[in-house]
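Observations on the model geometry
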Amino acid sequence: MQGYQLTLPGELGRLRAIMIQTKTANAIARATVEQLAEHNHEPGWLKESRLASWERYLNTPMPLPREEWRRTEIAALDPSALVTLEPGPLTGTLAGSPAWFQGVTSQITGGSGFLLQLAGAPGYRRLSAELEKKGVIFTDIASAIDKHADKIEPYLAGGAAGADDKFGLMNQALFNCGIFLYVPQGVEVELPFVSGIGLSDRNDIAGGALLPRLVVVAESQARVSFVHLAGSPMPSAGPAGIEKTAGLTLVSPVTDIFVGPGAAVSYLEVQQHGPHIFSISRTRTRVGRDGHFTSLTVATGGRQYKTDIETLLEEQGAASSVLGIVFGAGQEKFSFNTLQEHNARDTRSNINFRVALKDKATSVYQGNIKVDKVAQKTDAYQQNKNLLLGSEARADSIPRLEILADDVKCSHGATVGPVDKDQIFYLMSRGLTHAQAEELIVLGFFRQVLEQFGRPYASEWLTGIISKKVYGY
């Protein structure tokens with residue numbers, strides 16, 4: 001398999017050694033980035049952006065396991081030398097897609113477009129001819145840079161999500177796969193777009209790094225729904241029985257979403273990873289005047305899942321609803337940081353994250369509502385509920401408020417508690433097994449979020465994913 005060697009220090013000592021050898025590190029950086037840019041025939045502006053990001057990456061320390069990175073196993077990213085994974089050509093078929101992607105294609109058979117990229121295996125692309133005539137672009141990131149540079153450059157050349165973060169900078173310097181979705185002004189798309197980036201069923205690569213870059217743009221008065229999956233093969237024994245996994249693969253995507261004035265964007269992100277995956281993701285959404293953004297993030301596995309979700313309400317009338325469903329088992333670890341940043345008056349936001357954990361799984365949720373002094377009449381709410389299905393599971397909830405305006409309505413709520421044993425007993429007394437009783441309780445716990453998201457195509461599919469997780473596969 002083709003790939004590019006990069007230095008990813010897994011320990012602070014290794015980082016210090018690399019920082020001391022400045023000349024050598026810089027030479028390697030330039031050679032690595034130039035090789036990638038030449039391989040993809042990229043324009044000069046992108047090459048310079050990559051080089052600048054790599055220089056900042058070298059001078060940015062590894063995060064410490066505290067604050068936003070608390071209880072995140074940074075030291076687990078060993079060995080320190082990873083290889084960036086190359087996506088295969090888009091010459092495959094949906095019928096040949098991996099198991100983690102086939103679930104959604106069976107639910108959304110008539111989508112507006114499909115795009116699948118797999119490390120080391122053929123992918124797939126299809127876009128409605130009618131939408132293409134209207135100026136809609138739905139393609140892989142390399143094709144977008146080559147054929148639609150004028151459309152993507154304003155969004156790709158600037159600062160991306162995680163621009164001040166070690167792993168965000170690594171992505172900006174070395175990304176070599178991803179998605180570009182562009183919906184022109186006034187175009188309304190009824191059926192959702194579906195994309196997936198991950199490992200194929202035949203591809204379980206240890207010591208690799210998958211670095212996707214996703215850019216979604218809805219111009220003024222546009223309407224669009226987008227479903228994105230990040231997946232990898234699951235072990236036959238299921239995640240609950242995995243205690244330790246050697247040879248981790250890093251999956252570190254960066255996603256930027258732009259909601260124009262009066263536009264409406266619905267975004268569903270589903271993560272289905274095996275216990276060999278260490279996932280670090282960054283998502284930032286900018287919402288313009290009277291724009292509306294609705295999202296649902298679903299995380300169901302992986303050795304470690306760490307994500308930051310920023311929603312910036314930048315102009316008057318902007319609104320967002322950011323939802324989350326997290327279900328962990330075994331020794332899986334989840335860490336979510338959300339930011340609702342209100343930078344204009346009359347803006348609204350709502351966050352509702354629900355977490356269920358069994359076995360020895362752990363979760364940390366940190367949410368921040370930030371209101372600028374000019375953002376009068378802000379209406380913001382943040383809720384995080386955690387359900388513990390095992391005595392060794394652990395969940396922390398850390399809400400924050402930073403309010404500089406004086407005419408606002410902002411509040412938050414958080415709960416952490418064990419499953420009601422009386423409910424389990426009652427259901428089992430009616431003939432259900434313990435796993436069946438857990439399934440009903442967990443699905444009921446998540447139902448409000450699914451109903452709030454309000455996309456019929458998602459409910460049955462996601463319910464099936466959660467049910468399988470209850471039973472350990």
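Rules used throughout
- Residues numbered from 1 in each chain as written.
- Predicted model: local features only at pLDDT ≥ 70, side-chain atom pairs only at ≥ 80, totals over all residues.
- Heavy atoms only, no water.
- Helix = DSSP H or I, 4+ residues; strand = E, 2+ residues; numbered from the N terminus.
- Buried < 20%, exposed > 50% of the residue type's maximum accessible area, 1.4 Å probe, protein only.
- Contact = heavy atoms within 4.5 Å.
- Areas by Shrake-Rupley, 256 points an atom, 1.4 Å probe, with all protein chains shown as cover.
- Phe/Tyr/Trp six-rings, centres within 6.5 Å; stacked < 30°, edge-to-face > 60°.
- Lys NZ or Arg CZ within 6 Å of the ring centre and 35° of its normal.
- Core = buried A, V, L, I, M, F, W, Y, C linked by side-chain atoms within 4.5 Å.
- Pairing = 2+ DSSP bridges.
- Axes fitted to C-alpha atoms, helices over the stretch in contact; angles between N-to-C directions.
- Parallel < 35°, antiparallel > 145°, perpendicular 65-115°, else oblique.
- Left-handed = near helix turned anticlockwise from the far one by under 90°.
- Nonpolar A, V, L, I, M, F, W, Y, C, P; charged D, E, K, R; others polar.
- Expected span 1.5 Å × (residues − 1).
- Bend = angle between axes of the 7 residues up to and from the residue.
- pLDDT = per-residue confidence, 0-100.
- Arc of directions from axis to C-beta.

What the protein chain contains, in helices and strands, is eleven helices and 23 strands. Relative to its full complement of 473 residues, the protein chain shows a buried share of 59%. Look at the contacts in the protein chain between residues 6 or more apart in sequence, and 86% of them connect residues 24 or more apart. Approximately 18600 Å² of the protein chain is accessible, and the part contributed by carbon and sulfur atoms is 50%.

Throughout the structure, instances matching the rule amount to 14 aromatic pairs. Here Y155 and F258 contribute two aromatic rings whose centre-to-centre distance is 4.7 Å and whose plane-to-plane angle is 55°, an arrangement assigned as tilted. Of this pair, Y155 sits in helix α7 (residues 149-156) while F258 sits in strand β12 (residues 254-259), and the two are 103 residues apart along the sequence. For F258, a relative accessible area of 17% puts it in the buried group. Ring centres of F336 and F353 lie 5.1 Å apart, and the angle between their planes is 55°; this geometry places the pair in the tilted category. Pair noted here: F336 is in strand β18 (residues 333-342) and F353 is in strand β19 (residues 348-357), with a separation of 17 residues, a long-range link. In this pair, the class of F336 matches that of F353, namely buried. Members of the aromatic cluster, joined through ring pairs, are Y305, F334, F336, F353 and Y365. Over the aromatic face of F175 sits the side chain of R50, whose NZ or CZ is 4.1 Å from the ring centroid.

Generally speaking, soluble globular proteins have nonpolar side chains that are buried together. Within the largest apolar cluster, 50 residues are counted, with the highest numbers of intra-cluster contacts made by F138, L181, F193, F226, F293, F336 and L357. Apart from the residues within four sequence positions on either side, F293 is in contact with I257, V259, V265, Y267, T285, V287, T311, A319, S320, S321 and V322. The next biggest cluster of nonpolar side chains, apart from the first, holds 41 residues, and it includes F101, V298, L323 and I424.

Our next topic: unusual backbone geometry. Look at D346: it is not a glycine, yet its phi comes out positive at around 55°. Looking at where D346 falls in the secondary structure, it is placed in the loop between β18 and β19. Located in the positive-phi region is D359, a residue other than glycine, with phi close to 55°. Locating D359 in the fold gives a position in the loop between β19 and β20 (362-371). A relative accessible area of 32% places D359 in the partly exposed class.

Turning our eyes to something else, we now look at the sheet that holds β19. A sheet is described by the order of its strands in space; here ten strands give the open sequence β4-β3-β7-β10-β13-β15-β17-β19-β21-β23, paired in mixed fashion. Either end of the sheet is taken by a strand with one partner, and the two such strands are β4 (121-127) and β23 (409-418). Across the sheet, the mean angle from the axis of one strand to that of its neighbour is 10°, orientation sign disregarded. As defined by bridge partners, β19 adjoins strand β21 (residues 379-388) across ten bridges and the pair is classed as parallel.

With that out of the way, let us pick up the pairing of strand β10 (residues 223-231). For β10, a buried count of eight out of nine residues is recorded, marking the element as mostly surrounded by other parts of the structure. Across nine bridges, β10 lies against strand β13 (residues 264-272) in parallel orientation. Across the sheet, the residue bridging to R223 is A264, located in β13.

At their nearest, the axes of helix α3 (residues 44-58) and helix α8 (residues 166-174) sit 8 Å apart, and the two run at 150° to each other. Here α3 lies roughly antiparallel to α8, going by the angle between them. The two elements α3 and α8 cross, and the hand of that crossing is left-handed. Between α3 and α8, the contacting residues are R50, S53, W54, R56, Y57 and L58 on the first element and K166, L169, M170, Q172, A173 and L174 on the second. Split into classes, the residues belonging to the contact of α3 with α8 amount to seven nonpolar, two polar and three charged.

With that out of the way, let us pick up helix α10 (residues 434-453). The first and last C-alpha atoms of α10 sit 29 Å apart over 20 residues, in line with the 28 Å expected at 1.5 Å per residue. Of all the bends in α10, the greatest, near 40°, is centred on F446. A437, E438, E439, I441, V442, L443, F445, F446, V449, L450 and F453 are the residues of α10 that are buried. Directly beyond the C-terminal end of α10, a positive phi value near 70° is found at G454.

On to the pairing of strand β6 (residues 177-183), then. Of all seven residues making up β6, seven are buried, and the element is well covered by its neighbours. Going residue by residue along β6, you find C177, I179, L181 and V183 tucked away on one face and G178, F180 and Y182 tucked away on the opposite face as well. One ladder, built from four bridges, connects strand β5 (residues 137-140) with β6; its direction is antiparallel. Pairing of D140 across the sheet is with I179, part of β6.

Glancing now at the confidence of the model for the protein chain. For the protein chain, mean pLDDT is 86; residues scoring 70 or higher make up 88% of the total. This stretch, residues 7-28, has a pLDDT under 50; its non-local contacts, to residues over four places away or in other chains, come to 34 contacts. When the criterion is pLDDT under 50, residues 237-245 qualifies, and its contacts beyond four places in sequence or with other chains add up to 19 contacts.

With that out of the way, let us pick up helix α4 (residues 99-107). Note on helix geometry: an α-helix contains 3.6 residues per turn, so any two residues three or four positions apart are oriented the same way. Those residues of α4 that fall on the buried side of the exposure criterion are W100, F101, V104 and T105. Down the axis of α4, the buried set is contained in an arc of 130°. They therefore lie on one face. The inward-facing, buried residues of α4 abut β3 (113-119), β7 (193-199), β10, β13 and α11 (456-470).

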